[in-house]
Amino acid sequence: MPTLRSRKVSQGSESVLSSPVGGSRAGSQLSSPSYFRGEQVAELLAGQDTASDDLSSEPESDTGSDFEETLKKGRKQLATVAQRSPVPKRSRQAISEKKIVVKKINSAKQKASPAPQSVKMPKSAPQLSRRPKRALTDKENDMMFSDSDQDSSKISVSVSPSKSLMQLSKRPKRVLADNNQTTEKKVRRVWMDRDHEVSDLSVTIKPHKSAMQSSRKPGQESKLNNSAQNQKKDANNLFEAVKLAKSAMQTLVDEWLELYKQDKETGLLELLNFFIHCCGCKGVIASEMFQKLQNAEIIRRMTEEFDEESGDYPLSMAGPMWKKFRQNFCEFIAVLVRQCQYNVIYDEYMMDTLISLLTGLSDSQVRAFRHTSTLAAMKLMTALVDVALNLNVHQENNKRQYDTERNKSAGKRANDRLEMLLQKSKEMLQNQEEVENMMNAIFKGVFVHRYRDLIAEIRAVCMEEIGVWMKRYSDSFLNDSYLKYVGWMLHDKQREVRLKCLKSLRHLYESKEISQKLELFTNRFKDRMVSMVLDMDYDVAVEAVSLLTLILQNTEDVLGNEECECVYPLVYASHRPTAAAAGYFVYIKLRRHYDATLEETIAKERGRRSTNGEFIKLLLAFFLESELHEHCAYLVDSLWNHAGSVLKDWEGMTELLLEEIGDDEEGLTDQEESALIELMVCSMRQAVEVHPPIGRFSGKKLLTAKEKKLQMDDRARLTEHLIVIIPQLLAKYSADAEKVANLLRIPSFFDLDIYSSKRQEKYLDLLLKQIRDIVEKHTGIEVLEACSRAYYILCNEEYTIRSRVDIARSQIIDTLVGIFTHSAEDLLHEVGETDEDNLYTVASSLKRIAALYNAHDLSRWELFDNCYRILERGIDMGDLSEQIIVQALLCVHFHILWRLALISDYPVTKEQLIGLRKQRNMVLTACQHGLSNISSQVREQSFILLCDLLVIFSAQMTKDGNEELRPLVFTADVSLVSELLSFVMDHVFVEAEEDGDDETVKIEMLHKRRNFLAGFCKLIIYNMVDLRTAADIFKQYMKYYNDYGDIIKEMLSKARQIDKVECAKTLLLSLQQLFSELLQDQGYADRASVQFSAIKDLGRRFALTFGVDLMKSRQSVVSLHLDGMKFVFQRHRGFDSPLNLPFLDVLSEFSCKLLRQDKKAVLAYLDKNYPAPLGAAPDEWLPLALYRKSLQARGDDDTMSMISGKPSSLRAKRVAAASAKRRRMEVSDTSVDGAWMHSGGSSQLGRKLATPVLTSTLLRPSQWDTGSLHSSSDQDSEKGSESDFAHSRSWLGSQNRNKQQNNQVQKNKVVKNRSRQKVRKQQLLSLMEEDGEDTDAGPMMSDATSEHSDANSDINLEPLSRRGRAGLLQDLFDSTILDIDDF
């Protein structure tokens, strides 16, 4: 096999092998690989021994230990051996003693050779492990000689190691031959006195090829095949050992290394075949193939034996075993090089051959070869990098020893040691050069070509390993020649490649020393690295932010303000790992501007206990500059992992808030105080709740014991500190509504038991006093709701402080109710102009009462009557402000909810039900009147309350055993639903320009309108209003898709779950309404107008919502087509085309959702009931022609629509097929006048499908014969463009012939009726028997066949799957197909 470079020829390696009988000499020049010691074999000696099979020797160790002893023993043995002629010197490849057998052959006659002599090592010498030896044939053992010059020209000399093998642990022993027969052998031993090394060679002199052929034995071919099989078995054993990790990689490598030292070729073949098998290839590199073929030919043969059908190979397979195999594979390569680093890798045989094979495999077109060999080559390169590093260390140590020895005085200096150290240094330099050559070969032969491979995994492997090289061996690899590859691949399209590049760079930038060397690379690719923080893949974005953080830490002024500003907004990202990485970046950036020494000085001067004051101010400045004040919780969560100690410094934060600032000192501004309070509250929430804010986590996180303990400690610490401080903070900021609202959230994080356990009741009284003062002082909704929430938390029944808090709450409610009652009586009894002061008193007291009513039951104060009287006056007379009416509506609404909760928990009386129903009706009437109020706030509040009350008092309230509440169930009438729908159309589907130019106002208004739409859609999907009311919303789907598309789509999905047919008809109704509006505006439908195109686009979008499983929507789509036809041809009684005829273009968008057989049925129905008049102009009827063409078009394979109806067994498939053959789609002879949209009354949602008609497969109805003829002829007709239909009247003229054929069918029908009925009876009985045999066919029924059908449908669908027994019996005894009298 060719190698990467030519082998060196050492001096003294050339010698002449002389014949013992004085014949001609055959010369042989041998290459000598460079071993660790660098010596060569000097002398070749031979001996004879009849017991040559027992010859064994100790394998040479890497360090050359026990060499002198072995040499002495060998010389003693050689003293008794007859001298032979000198033979060629042998390289140091062989490790064990080899055998040389020479056999002389004369062309005329053969002469008997003397008995071979052998040199036998003493028994005291170390022995090889016992392994079965291969019995060699004569042709393999003998060395052929010729006495004459003519024959000597046909002699070839080869030097090869013996075939003795080592046994790997935990693997079966190899059997390398069929028998263990011992043959004669002539052994020569090789000694070299100069280098004190021993090496054994097996020299075989082979005759010319022609001579070999003439002397070949018949059984030789079979032995070669057995050898190939044994090699395959050996490679499989090594592959299995690595895959299953039966033993440590160190043991496997040591055993292979021992085998390699015994027989290089056999060991190398096992290693090469191991790599071939790791690629997933079952082929084997045989010995002959290895010796005779080039790499390219070997790889070609392996490719031919590769199974490319599956495409799977070990590195691509899933599962824990194959994942472990990848780790073991990489570890095996690393250990292999580490164990061979002192001698074997320098023998110019193993590494050269292996690198050559891997280079060739990496260029293969087979992905398995390319991927596996690239990974192996990259790991091999990494292992060589470690070897080079070790050599550098040894060189430095050797140089230090040499310098130390040389600096000694002349008397103490050891010249022999200096010479040894110098020689050792030369050898290490030579070895270093060899390793660098190997690395250069791998880099240029594999990496340079594979880093841009088509497969992303291969590119990722290259990027991962080059990062390792640059990190470990920075002296050689950390330069622009290698860094450029990583920089280029930052632009790769695959996420895993970009991710590996960033990880490789991150390992480099972790070192400050290395970061300084990357200045040129950083400036060149800085823009790309900064842009990757916005990568579409979250993992890449996180890695990019982490990389920039390291650059910020370990470099100076590389990242400017512009680059940093690209990272800052990511602290508010919804992806938590990205936000946390950005938070660490911000933390490092802020720490650069923080001077700890200065902070300690300032803290001492101002008497602060905390030293984080200045850092908190820096954090506040960052928060305020980001201008995203509402997202403080996300900022805290981003900084929590790295700046948690600062964020938990609540003592330092309260010191800043309560600090008294002198005239010359600079304190916090009002904006900074608000931001600090919000930051403090958010940090408390993070510490107590221990979960990220909404949008940054999915599911509930289970806390560990350590996290729970930390949570409890943080909660106790903040409670003990804030219990004392919170009254002071509320007193200081009581006039600021925003600050007070945030401060009132703090008690929700308290451990309220500390009030009792620590005897802190006085601070509780101070807190309650401050809350009451805030309630009496403020009228803002946010502040009042915060106070109500604080009362609710403090009134928890689990704590002993509840009674104390309840008394304080009752006192404030009594005060508020008294003020409201007095001022309300004065207001209701006033005549003429109302008092402004009294109106303000009523409004402010109602706001406070409504805020408390939301969280506390105030029913015992009987506020309903006064509130409803105010409502009646405000709505009827209109002399009250909108604030009073809105708060009164809220109060009566809360009153009903608290009463309903009371009677739901306790036994209810009839009087209570009657009273609650009366109050509910009063509130509903007031809210319905409020929908037409002049005030927009009143209208909006009335709409929200109506939607909530309709849901609360729907039929669902009687579930869970609450039948006694049935009298409270309320169903909205048509007028109420109409008013609600009008509100939605007037307040939701409006143009955005009406909101002004302020983006904040636009966002708030959009949020409000989305809530309105969601409230009404909730009534539809919970079946509280008729589904047809959604038609007005569906027709806005395309126009307002950006604002409400998600809500409308969700409502459509839920509506389809309720009733597919009704939902489809509602979609059709919305299209019909849009088309009717177009006719009213234009007088006719211009098919080329923008408005008509918008309707078609909407229809196309509706068609897409039916999905790809056509069976599920079969009945609904057919009903949609039938009702669409009726709408088009309604009230058409003339020769002219209908006014609604262009609507067929919209209907054509749904033709692709019809099954093939349903298209035929719909087309037959169209031709029968709505034929085009004879002699009509094609241009006028063009939409009809196009619609017919859409029904004739060949759809997709219907098998894809049978997903939901797969038979569960083979017999079920046969039954389904037989049932499908017996059932045919039949067009009803009767038609129903009028479209569905004009049908009286609302459609019921619980209707069943029309009974399918069962027909015989033997006697097909006559109308199907004609229908099938028409449909097949139409299907086979040539499909043309619109112009073809415009100028073609073939199908128009065929309508007359169709009528004549129908008449003939009616005549024949009477004649065939009797015979058909007899056949039907027999088949019906057989069907009944089949149904009785198999009752498991029920699950095969499709959703479409079980769907409710319209009672007016004129077409029955052919069932594609078998229905249940009850449904089948109903069909069997249908009076329309079965003559009961004759039966």
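Worth saying up front: this structure is predicted, and the values here are computed from it rather than measured.

The helix and strand tally for the protein stands at 53 helices and eleven strands. Split into buried and exposed, the 1383 residues of the protein put 51% on the buried side. Counting only contacts in the protein whose residues sit at least 6 apart along the sequence, the fraction spanning at least 24 positions is 79%. Surface exposure of the protein reaches about 66,100 Å², of which carbon and sulfur atoms provide 49%.

Looking now at the pattern of salt bridges. Enumeration according to the criterion identifies 53 salt bridges in this entry. Its salt-bridge partner being Arg772, residue Glu776 comes within 3.1 Å of it at the nearest N-O pair. Within this pair, Glu776 and its partner Arg772 are both found in helix α31 (residues 761-777), separated by four residues, close to a single helical turn. Using a relative accessible area of 38% as the deciding quantity, one classes Glu776 as partly exposed. Judged by its relative accessible area of 24%, Arg772 falls in the partly exposed class. With a closest N to O distance of 3.0 Å, Lys1035 and Glu1077 form a salt bridge. One end of the pair, Lys1035, is in the loop between α41 (1031-1034) and α42 (1041-1058); the other, Glu1077, is in helix α43 (residues 1060-1082), and 42 residues separate them in sequence. Glu1077 sits in the partly exposed class, given a relative accessible area of 35%.

Tallied over the entire structure, the rule returns 43 aromatic pairs. Where Tyr568 meets Phe622, the ring centres are 5.4 Å apart and the plane angle is 85°; that geometry is what we call edge-to-face. Of this pair, Tyr568 sits in the loop between α21 (561-565) and α22 (576-592) while Phe622 sits in helix α24 (residues 613-626), and the two are 54 residues apart along the sequence. You'll find Tyr568 and Phe622 in the same group, each marked buried. Aromatic side chains Phe943 and Phe983 sit 4.3 Å apart centroid to centroid with 20° between the ring planes, which places their arrangement in the stacked category. Of the two residues, Phe943 sits in helix α38 (residues 936-952) while Phe983 sits in helix α39 (residues 974-987), which places them 40 residues apart along the sequence.

Further remarks concern the confidence of the model for the protein. Taken residue by residue, the protein gives an average pLDDT of 74. The fraction at 70 or more is 67%. Throughout residues 70-225 the model reports pLDDT below 50, and contacts reaching past four residues in sequence, or to other chains, amount to 377 contacts.

Here the focus is the packing of helix α25 (residues 632-647) against helix α27 (residues 670-689). Viewed as axis vectors pointing N to C, α25 and α27 meet at an angle of 75°, and their least axial separation amounts to 9 Å. Taken together, α25 and α27 sit at an angle that is classed as roughly perpendicular. Every residue of α27 that contacts α25 at Cys632, Ala633, Val636, Asp637, Trp640 and Leu647 is listed here: Glu678, Leu679, Cys682, Ser683, Gln686 and Ala687. The residue inventory of the contact of α25 with α27, partitioned by class, reads eight nonpolar, two polar and two charged.

At their nearest, the axes of helix α16 (residues 480-489) and helix α19 (residues 519-531) sit 11 Å apart, and the two run at 25° to each other. On the basis of their axis angle, the class for α16 and α19 is roughly parallel. For the element pair α16 and α19, the recorded crossing hand is right-handed. On α19, the residues touching Asp480, Leu483, Gly487 and Trp488 of α16 are Leu520, Phe521 and Phe525. Per-class residue counts for the contact of α16 with α19 are five nonpolar, one polar and one charged.

Non-glycine residue Arg759 carries a positive phi angle of around 55°. The topology assignment puts Arg759 in the loop between α30 (753-757) and α31. With a relative accessible area of 67%, Arg759 lands in the exposed category. Even without being glycine, Glu862 reaches a positive phi, approximately 50°. Note on Glu862: relative accessible area 57%, which makes it exposed.

Taking 1.5 Å of rise per residue, 17 residues should cover 24 Å, and α31 covers 24 Å from first to last C-alpha, within 8% of that figure. Residues of α31 that are buried include every one of Tyr763, Leu764, Leu767, Leu768, Gln770, Ile771, Ile774 and Val775, and no others. Buried residues of α31, seen end-on, are gathered within an arc of 160° and therefore sit on one face of the element. Contacts made by the buried residues of α31 are with α28 (705-732), α29 (737-743), α30, α32 (781-794), α33 (802-829) and α34 (836-853).

Taken together, the side chains of Asp826, Glu833, Asp835, Glu836 and Asp837 make up a negatively charged region of the molecular surface. Mapped onto the fold, Asp837 is located in helix α34. Judged by its relative accessible area of 58%, Asp837 falls in the exposed class.

By size, the foremost hydrophobic cluster in this structure holds 327 residues, and its most contacted members are Phe274, Met350, Phe447, Met463 and Leu1013. Sorting elements by how many residues they give to this core places helix α12 (residues 367-406) first, with 14 residues. If sequence neighbours within four positions are ignored, Phe447 has contacts with Met378, Ile442, Cys462, Met463, Ile466, Trp469 and Tyr485.

What follows concerns the side chain of Ser1119. Relative to the helices and strands, Ser1119 is located in helix α45 (residues 1114-1129). Judged by relative accessible area, which is 3%, Ser1119 ranks as buried. Here Ser1119 is in contact with Val1061 and Lys1065, once residues within four sequence places are set aside.

Rules of the game
Residues numbered from 1 in each chain as written. Predicted model: local features only at pLDDT ≥ 70, side-chain atom pairs only at ≥ 80, totals over all residues. Heavy atoms only, no water. Helix = DSSP H or I, 4+ residues; strand = E, 2+ residues; numbered from the N terminus. Buried < 20%, exposed > 50% of the residue type's maximum accessible area, 1.4 Å probe, protein only. Contact = heavy atoms within 4.5 Å. Areas by Shrake-Rupley, 256 points an atom, 1.4 Å probe, with all protein chains shown as cover. Salt bridge = Lys/Arg side-chain N within 4 Å of Asp/Glu carboxyl O. Phe/Tyr/Trp six-rings, centres within 6.5 Å; stacked < 30°, edge-to-face > 60°. pLDDT = per-residue confidence, 0-100. Axes fitted to C-alpha atoms, helices over the stretch in contact; angles between N-to-C directions. Parallel < 35°, antiparallel > 145°, perpendicular 65-115°, else oblique. Nonpolar A, V, L, I, M, F, W, Y, C, P; charged D, E, K, R; others polar. Left-handed = near helix turned anticlockwise from the far one by under 90°. Expected span 1.5 Å × (residues − 1). Arc of directions from axis to C-beta. Patch = residues over 30% accessible without salt bridge, like charges linked within 9 Å, V, L, I, M, F, W, Y side chains within 5 Å. Lys, Arg positive; Asp, Glu negative; His and termini not counted. Charge placed at Lys NZ, Arg CZ, Asp CG, Glu CD. Core = buried A, V, L, I, M, F, W, Y, C linked by side-chain atoms within 4.5 Å.

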